[in-house]
Amino acid sequence: ASALAARLDGRAVFAAAPVIGLVGEYEAVGPVVTGHDGRLRLVTALRDPDTGLLVYARADTFSGR
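A short note on the sheet that holds strand 3 (residues 39–47)
Here's step 1: Spatial strand order, 1-2-3-4: four strands in an open sheet with antiparallel pairing. Two strands lie at the open edges of the sheet, namely strand 1 (19–23) and strand 4 (54–61), each paired on one side alone. Strand-to-strand twist in this sheet, taken as the mean axis angle between neighbours without regard to direction, amounts to 35°.
Here's step 2: Pairing analysis gives seven bridges linking strand 3 to strand 4, with the strands arranged antiparallel. If you follow Arg 47 over to strand 4, its bridge partner there is Leu 54.

Things to note about the nonpolar core
Here's step 1: Among the nonpolar cores identified, the biggest contains eleven residues, and these are Leu 4, Ala 5, Leu 8, Phe 14, Ala 17, Val 29, Val 32, Val 43, Ala 45, Leu 54 and Ala 57.
Here's step 2: Elements with a contribution of two residues or more to this core: helix 1 (2–8), strand 2 (26–36), strand 3 and strand 4.
Here's step 3: In terms of residue count, the dominant contributor to this core is helix 1 (three residues).
Here's step 4: When neighbours within four sequence positions are excluded, Val 29 is seen to be in contact with Ala 17, Pro 18, Val 19, Ile 20, Ala 45 and Arg 47.

Basis of the calculations
Residues numbered from 1 in each chain as written. Predicted model: local features only at pLDDT ≥ 70, side-chain atom pairs only at ≥ 80, totals over all residues. Heavy atoms only, no water. Pairing = 2+ DSSP bridges. Helix = DSSP H or I, 4+ residues; strand = E, 2+ residues; numbered from the N terminus. Axes fitted to C-alpha atoms, helices over the stretch in contact; angles between N-to-C directions. Core = buried A, V, L, I, M, F, W, Y, C linked by side-chain atoms within 4.5 Å. Buried < 20%, exposed > 50% of the residue type's maximum accessible area, 1.4 Å probe, protein only. Contact = heavy atoms within 4.5 Å.

Encoded structure:
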């Protein structure tokens, strides 16, 4: 999860993602669709509010059209 967060960090889509809750000291950002491993994925992430860096990310398959 932290390795995926490091690979996805810095993408504008996560900087603009709305905060949907707090997990400890981190912001849970709304799921966003982004490319990962050559496919579209629905990614949920935790972001450090002080640095804006992702600390956790989880990619699920995206079945949207």
